[in-house]
Amino acid sequence: TMPHIHKYYNLLKSFAAPVDVISEKEDFSDYPFLIAPIIMLDNNLVKRWTEYVKNGGHLILTCRTGQKDRDAKLWEAPLAAPIIN
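Reference entry: report on the structure contained in this document. Just so it is clear, the structure is predicted and the values come from calculations on it, not from any experiment.

One non-glycine residue, Ala16, lies in the positive phi region at around 60°. Turning to its location among the elements, Ala16 is positioned in the loop between α1 (2-14) and β1 (33-36). Exposure remark for Ala16: the relative accessible area of 65% places this residue in the exposed category. The backbone of Ala72 sits at a positive phi, close to 60°, despite the residue not being glycine. Inspection of the secondary structure puts Ala72 in the segment after β4 (65-68).

Dropping the structure here:
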């Protein structure tokens, strides 16, 4: 998990970009873009992301985003089920 997150962090820092690591409970509107490299998610978070994007934010998802539910279990549906629709 951490090496995957570090890939994104290190790449951004190599460009001297400012990076904040925030909780999903934070106000996303303060950020022009968010990267969600690894996340166990639920419909609530997907709704927050959707609102963020509708309001002009840029959401960057990765191959590992949303692969599991909040109980760290694979979805009983296609992988990342809440974000593929």
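In total, this model carries 2 salt bridges according to the counting rule given. The partner of Glu24 in a salt bridge is Arg70, with the nearest N and O atoms 2.5 Å apart. On the criterion of sequence distance, the pair formed by Glu24 in the loop between α1 and β1 and Arg70 in the segment after β4 is long-range, its members being 46 residues apart. By relative accessible area, which is 24% here, Glu24 ends up partly exposed. Looking at Arg70, the relative accessible area reads 36%, which means it is partly exposed.

Take the packing of aromatic side chains next. Applying the stated criterion across every chain, the model contains 1 aromatic pair. Here the aromatic rings of Phe28 and Tyr52 are separated by 6.0 Å at their centres, their planes lie at 80°, and the arrangement is edge-to-face. Placement of Phe28 in the loop between α1 and β1 and of Tyr52 in helix α2 (residues 43-54) is noted, with a sequence separation of 24 residues between them. Of the residues examined, Phe28 reaches a relative accessible area of 6% and is grouped as buried. Here Arg48 stacks its cationic end above the ring of Phe28, 4.1 Å away from the centre of that ring.

Calculation rules
Residues numbered from 1 in each chain as written. Predicted model: local features only at pLDDT ≥ 70, side-chain atom pairs only at ≥ 80, totals over all residues. Heavy atoms only, no water. Helix = DSSP H or I, 4+ residues; strand = E, 2+ residues; numbered from the N terminus. Buried < 20%, exposed > 50% of the residue type's maximum accessible area, 1.4 Å probe, protein only. Salt bridge = Lys/Arg side-chain N within 4 Å of Asp/Glu carboxyl O. Phe/Tyr/Trp six-rings, centres within 6.5 Å; stacked < 30°, edge-to-face > 60°. Lys NZ or Arg CZ within 6 Å of the ring centre and 35° of its normal.

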